[in-house]
Structures are given as C-alpha cells and as structure tokens.
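Geometric and topological summary
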Amino acid sequence: MKSKLGLSLGGGAARGYAHLGILKTLEEKGIKPAFISGTSMGAVLGGIYAYYGNIEDTINHIVEFLKTTDTINQKIYKIVIESEKEPVNFVENIMQFIRKGIIYGKALTSKSMVPDEIFNKVFDTLVPDVNIEDLKIPFGAIVTEITEGEELMVTKGSLKNALKASSAIPGFYPPFIEGDKIYIDGGWTNKNPVRPCYQLGASEVIAVCVARELEDTKDFQIGMDLIIRSNAVSTHRLGQLQKEGASLVLYPKVEHIHWADFGRYEEGIACGIECAKECFEDIKRIYGRSKWTGLIKSKKRYIREISL
C-alpha cells in the first residue's frame, strides 16, 4: 500500500527555510510526502521541491540562487530588520522611529516596497518555467483573491505565476493581477493549508508552522502599531483553527530569525532538521498510518481550485 501522507507548509518568509530541513530529514529516513500544499514561502519551497522530487537538487538550486543574487541584500530588507530591533538607547529609539516612517511612507505612496521588476526577476530566476500539473508531486499553492476575499488553491497552470501570487505580501510585494482579479499572499486567508492538503488527496497531513506566534509589534504608541498588532491577533487565531485538522503540527524553533533576513538559510535548514529529528517517532507513526487510512478516507472539497 502506498502512503498518502500530505505535507502542509506554512508561510513565514525567511523562517520558511526550516521546511527544507524537515524535508531533508524525512527523505533521509525514507519518507516522502505524496502531496504538498503551501502558503507563501511554504508554497515557494514546496513547489520547487515538487518540481525536483528530491531534497538534494532542491537545496542546491535554492542555495545557488541565494549566492548569485543580490535580492537578499536589498536596502528595504535591512530597513525592515533594523526597524524592529529592540532600541537600546534614546538615539536608537529615534532611528527606529525614522525607519518605521520610511516603511509606512513607502507603503502609502507606492503599490509595494519591493518594485515589480525586482520581484519578477526573482521568480524568473528562482522558479522553473513549468506547469503545476507536470510536477513530480501533486501540489497546491494557496492564494487570496482580494476583490472577492476568497481563499483559492492553484493546482493547474504556471508554477511561476502561482508562487508569485501566493507570496505577494500586501504592501511589501506587488500583487499578481490577471484580468479583473487581484491575487495576494495566501497567508491572509490560510497560514497553514491543512484542509486543502486533504483536498489534494492526502489521508494524513503533517503541518509545518514557521510563523512566530503573535508576531509584529508590542509597541502601541501610535495607531499603526495597534492596527498591525490587531491583524496579528486575528491571523494568529485563524491559524490556530486551521491547524486543528492536522495529524501532527511541527514547530521548528525559528523565532530568532527575522522574517526578512533571507541570508540565514543555513540556520533555518538546521532548525528544520532538529525539529524533524525530535518528532520523528510521531512522524513515522503517522506515515505508516497514512497507508491504510487512505483506503477509508474520502477526498473532500474545501476550497475552489483554479489555474493561473
């Protein structure tokens, strides 16, 4: 009997490198997911893994990309990281305030902080020009269609388009536009797509959560900080509800990695490896169970599937 284990990879930007460590450990132990669903960074890494079908080629491809691109050194990422550091004195507090002003000002005067040409160049280089239905592992990327407020799963069409749309953090990256539809980061409707992974055909789903619990700001001196924190509370609660259907939830310890610090891939991968090793007995049990639960669990539809 074949395993019907699904892997649901959550969003978390640079913290998502832990997904690679999880996959690496599972593969070394003889376990491969039969289905992958992903949101944002989870979609990017899951989609590339589904293309190669093995972790060695996946990691080599991503590391080569990171070593040859200047994207991770963009000034805007450094400003974001510095703006969220804990101020140690009066001068640093003033500088942090200025940096936040730059970020908010950019968001108010342009479509996104990262220009379209840079965002598109990244995906043209990073993501293979293939269709999702031709991947080695069945895959679905979660996106949010903002005009209707609908959660959708992209299961056909361009892998590149799907990953662009799933990663388009509002205000930070440009949205993906097709006709009268505007697609943004899937994390705004589903931070960890467990139920969509069942829809793909999985009988057991292991979710990997790399988003820091109740992240963002704890400084409530201005209204924007209150708005950001309120959004974090809402999405945190939504994420809790969406993970309830998982057979197991893995939490790699990546809190120390800033979401915008894309140069720390080695640390992220190591965190994933450590987490998978610590939880491997549970993973192995669920993997074995997925071989027979697949005979009795029916494939249900939870969200609408589309092609991009």
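**Thoughts on the nonpolar core**
Counting 71 residues, the largest nonpolar core has Tyr17, Phe139 and Leu163 as the members making the most contacts within it. Take this core: its biggest share by element is seven residues, from helix 2 (residues 41–52). Not counting the four nearest positions on each side in its chain, leucine 163 is found in contact with Ala43, Val44, Phe123, Val127, Phe139 and Ala141. Counting twelve residues, the second largest nonpolar core, distinct from the first, contains Ile142, Cys197, Tyr198 and Ala202.

**Some thoughts on the environment of glycine 149**
For glycine 149, the location among the structural elements is in the loop between strand 3 (139–145) and strand 4 (150–156). It is 8.3 Å that separates the C-alpha atoms of glycine 149 and threonine 189, two residues lying 40 residues apart in sequence.

**As for the state of the cysteines**
Under the criterion given, the structure shown has zero disulfides. Here cysteine 279 stays free of any disulfide, with the sulfur of cysteine 275 as its closest cysteine sulfur at 4.5 Å. Taking the relative accessible area as the measure of exposure, cysteine 279 reaches 22% and is therefore partly exposed.

**Brief notes about unusual backbone geometry**
Positive phi values are uncommon outside glycine, yet alanine 13 reaches one of about 55°. The exposure class of alanine 13 is buried, given its relative accessible area of 12%. Positive phi outside glycine occurs at serine 40, with the angle close to 55°. Among the structural elements, serine 40 can be located in the loop between strand 2 (35–39) and helix 2.

**Re helix 6 (residues 116–126)**
At 3.6 residues per turn, the α-helix brings residues three or four places apart onto the same side. Of the positions making up helix 6, those classed as buried are Phe119, Val122, Phe123 and Leu126. One face of helix 6 carries all of its buried residues, which in axial projection span an arc of 90°. Seen from the buried face of helix 6, the exposed residues on the opposite side, beyond 90 degrees, are Glu117 and Lys121. Where helix 6 is buried, its residues contact helix 2, helix 3 (55–68) and helix 7 (159–166).

**Comments concerning the pattern of salt bridges**
This model, assessed by the stated rule, comprises nine salt bridges. Here lysine 160 and aspartate 124 are joined by a salt bridge, their closest N and O atoms 3.8 Å apart. Of the two residues, lysine 160 sits in helix 7 while aspartate 124 sits in helix 6, which places them 36 residues apart along the sequence. The class for lysine 160 is buried, based on a relative accessible area of 13%. Accessibility expressed as a relative area gives 46% for aspartate 124, which makes it partly exposed. A salt bridge links glutamate 281 to lysine 284; its shortest N-O distance comes to 3.7 Å. One end of the pair, glutamate 281, and the other, lysine 284, are both in helix 11 (residues 280–293), three residues apart, so they sit about a helical turn from each other. Via salt bridges that share partners, Asp261, Arg264 and Glu267 belong to a single interconnected network.

The rules behind each value
Residues numbered from 1 in each chain as written. Predicted model: local features only at pLDDT ≥ 70, side-chain atom pairs only at ≥ 80, totals over all residues. Heavy atoms only, no water. Core = buried A, V, L, I, M, F, W, Y, C linked by side-chain atoms within 4.5 Å. Buried < 20%, exposed > 50% of the residue type's maximum accessible area, 1.4 Å probe, protein only. Helix = DSSP H or I, 4+ residues; strand = E, 2+ residues; numbered from the N terminus. Contact = heavy atoms within 4.5 Å. Disulfide = S-S within 2.5 Å. Arc of directions from axis to C-beta. Salt bridge = Lys/Arg side-chain N within 4 Å of Asp/Glu carboxyl O.

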